[in-house]
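The chain contents come next:
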Amino acid sequence: MDLKNKVVDLRSDTVTKPTQAMRDAMASAEVGDDVYGEDPTVNRLETRAAEVFGREAAIFVPTGTMGNQIAIRLHTQHGEEVICEARSHVLDWEMAMTAAFSGCQSRTVMGERGVLTWEAIAGAIGPKIYYRARTGLICIENTHNMAGGTVTPLGVMREVWEGAKEAGLPVHLDGARVFNAAAALEVPVAELTEGFDTVMFCLSKGLGAPVGSMLVGSRTMIDRARIYRKALGGGMRQAGILAAAGLIALDDMPGRLGEDHANARLLGESVAKSAAVEIDLDGVHTNIVIFQLAGKRDAAALVARLKAEGVLASAIGPHSVRFVTHYDVSRADCEWAAGVVARELAELEG
């Protein structure tokens, strides 16, 4: 092994390269014009996604952000509020599109480890009076990226969707990494998400596809979603080339996610040995590890030093660092990276 040129990329699970099976399927994919509904491979992917989640229909979109924002537009009217967790992706990483596209504002609620309970949500629901913005939607993120890949248990989510139904409110799941949640809980995704009105999940994160996400829901909802996908520039003509990889991601990749979780645990336990960091090790549920540098040390500087040694990571705040494990980093890669990180953290301790 040429350790001098070795690179282990832990910045995100979006950096994965297509598997050989995906490349072969893409090369031979049967295609048509998807805007006309004539791409047979896209149609198969949408049918399969709906089957996996126990829904009537699904739509293929280029990104998870587009899927989430289409869902928000479907469920809300201008001038309403969307309840979401205070560090959620729809709030921090989707370019204020809840406001720009749907004309809604976010009502944030801080959840312990990113988990929103019905009790916390209920207190944020706007009263139905004419001089106060009404709540239009509740949005849950599972797993929760910026909380460290934490998992919301099925029982908690069931309380949310049952409470929302009683309150007359729709609930959307940002399930970008919902297959990681399902793997951690050992619960099928259909059962884990059955009470949500719509669910978005990514094919291009832990599942390893090069491009694409899915939005699933009722036939009526997904028919309307096609209007908003087109409005956002998501009509992708011969998209079967991408959908072919998505089919493999959906059927073949969920079963191996436990490997990523074990590798994240290895990294988390290694980092936790250092006096230079603060980490909630019990919050490492899936494939994401987030830790803070003690003494308000510079996260960007540490990330730069790690890069020089062949380990790519993300500074997600002035003092916070994130690792994400995925298909393209092996157990041996993570063991090697843990050693590099330990040496750099030892320098900080000194």
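The structure this text deals with has already been given above.
Residues numbered from 1 in each chain as written. Predicted model: local features only at pLDDT ≥ 70, side-chain atom pairs only at ≥ 80, totals over all residues. Heavy atoms only, no water.

**Remarks on the pairing of strand S7 (residues 198-202)**
Rule in force here: Type-normalised accessible area, obtained with a 1.4 Å probe on protein chains alone, sets the label of each residue: buried when under 20%, exposed when over 50%, and partly exposed for intermediate values. Here a strand is any run of E in DSSP of at least two residues, a helix any run of H or I of at least four, and the numbering for each starts at the N terminus. When DSSP finds two or more bridges between a pair of strands, those strands are recorded as paired.
Within S7, five of the five residues are buried, which leaves the element mostly enclosed by the surrounding structure. Burial along S7 is two-sided: the residues Thr198, Met200 and Cys202 and Val199 and Phe201 are all buried. Here strand S6 (residues 171-174) pairs with S7 via three bridges, running parallel. Paired with Asp174 across the bridge in S7 is Met200. One ladder, built from four bridges, connects S7 with strand S8 (residues 213-217); its direction is antiparallel. Looking across to S8, one finds that Met200 is bridged to Leu215.

**A word on the side chain of Ser274**
Quick reminder of the rule: Residues adjacent in sequence count toward polar contacts only when both atoms are side-chain atoms; beyond that, a polar contact is any pair of N or O atoms within 3.5 Å, and within protein one must be able to donate a hydrogen and the other to accept it. When checking whether two residues touch, look at their non-hydrogen atoms; a contact exists if any pair is within 4.5 Å.
Assignment of secondary structure puts Ser274 in the loop between helix H12 (257-272) and strand S9 (277-278). Polar contacts involving the side chain of Ser274 include one to the main-chain amide nitrogen of Ala276, which spans 3.0 Å. In contact with Ser274, not counting residues within four places along its chain, are Leu345 and Glu349.

**A word on empty space enclosed by the protein**
What counts, and what does not: A pocket here means an open set of points on a 1 Å grid, computed over the protein atoms alone, that has protein on both sides within 12 Å along at least five of seven lines. A cavity is instead a set of points where a 1.4 Å probe fits but cannot get out; residues with an atom within 4 Å of a point line either one. Grid points are joined across faces, edges and corners, and a volume is the space filled by probe spheres set on the points. Only Asp, Glu, Lys and Arg are considered charged, only Ala, Val, Leu, Ile, Met, Phe, Trp, Tyr, Cys and Pro nonpolar, and every remaining residue, Gly among them, polar.
Evaluation of the coordinates by the stated rule reveals one cavity of 30 Å³ or more. Around the largest cavity, the lining residues are Ala176, Arg177, Phe179, Asn180, Cys202, Lys205, Gly206, Leu207 and Leu257. Class assignment of the residues belonging to the lining of the largest cavity gives a composition of five nonpolar, two polar and two charged.

**Some remarks on unusual backbone geometry**
The amide bond that connects Asn142 to the next residue, Thr143, takes the cis arrangement and shows omega of 0°. Position of Thr143 relative to the elements: it lies in the loop between strand S5 (135-141) and helix H7 (154-167). For Met95, which is not glycine, the phi torsion reads 60° and is therefore positive. A positive phi is found at Ala96, a non-glycine position, where the angle reads about 55°.

**Concerning the environment of Asn43**
Considering the arrangement of structural elements, one finds Asn43 in helix H2 (residues 40-53). C-alpha of Asn43 to C-alpha of Ala58: the two residues are 15 residues apart in sequence and 9.2 Å apart in space. Those residues within four positions of Asn43 in sequence are excluded, and the remaining contacts are Asp34, Gly37 and Glu38.

**What about the sheet that holds S6?**
Condition: To define axes, lines are fitted to C-alpha atoms, for helices over the stretch in contact only, and angles between the resulting N-to-C directions are given on a 0 to 180 degree scale.
Spatially, S2-S8-S7-S6-S5-S3-S4 is the arrangement adopted by the seven strands of the open sheet, whose pairing is mixed. Whereas interior strands pair on both sides, the edge strands pair on one side only; in this sheet they are strand S2 (57-61) and strand S4 (105-109). Strand-to-strand twist of the sheet, defined as the mean angle between neighbouring strand axes without regard to direction, takes the value 20°. In this structure, S5 lies alongside S6, joined through four bridges in parallel fashion. Directly across from Cys139, in S6, lies its bridge partner His172.

**Quick word on the pattern of salt bridges**
Here is the rule: Take a side-chain nitrogen of Lys or Arg and a carboxyl oxygen of Asp or Glu: if they are within 4 Å of each other, that pair is a salt bridge.
By the definition in use, this model includes 18 salt bridges. Here Arg107 and Glu81 are joined by a salt bridge, their closest N and O atoms 2.7 Å apart. Taken as a pair, Arg107 in strand S4 and Glu81 in strand S3 (residues 81-85) lie far apart in primary sequence, 26 residues in all. For Arg107, a relative accessible area of 31% puts it in the partly exposed group. Each of Arg48, Glu51 and Asp251 takes part in a single network of salt bridges with overlapping partners.

**Looking at the packing of aromatic side chains**
Let me state the cut-off plainly: A pair of aromatic rings is counted whenever rings of Phe, Tyr or Trp (Trp by its six-membered ring) have centres within 6.5 Å, and the orientation is called stacked for planes under 30 degrees apart, edge-to-face for over 60 and tilted otherwise. We count a charge as sitting over a ring when the NZ of a lysine or the CZ of an arginine lies within 6 Å of the ring centre and within 35 degrees of the ring normal.
Summed over the entire model, instances satisfying the criterion amount to seven aromatic pairs. On the basis of an interplanar angle of 70° and a centroid distance of 5.5 Å, the ring pair of Phe179 and Phe201 is categorised as edge-to-face. On the criterion of sequence distance, the pair formed by Phe179 in helix H8 (residues 178-185) and Phe201 in strand S7 is long-range, its members being 22 residues apart. Side by side, Phe179 and Phe201 carry an identical accessibility label, which is buried. A cation over an aromatic ring shows up here: Lys6 above the ring of Trp336, its NZ or CZ 5.5 Å from the ring centre. The lysine or arginine in question, Arg73, covers the ring of Phe101, its NZ or CZ lying 4.6 Å from the ring centre.

**Examining helix H14 (residues 331-349)**
Selection criterion: Multiplying 1.5 Å by the helix residue count minus one yields the expected span of that helix.
A rise of 1.5 Å per residue sets the reference length of H14, with its 19 residues, at 27 Å; its end C-alpha atoms lie 26 Å apart and thus fit the reference within 8%. Looking at H14, one finds that the buried residues are Asp333, Cys334, Trp336, Ala337, Ala338, Val340, Val341, Glu344, Leu345 and Leu348.

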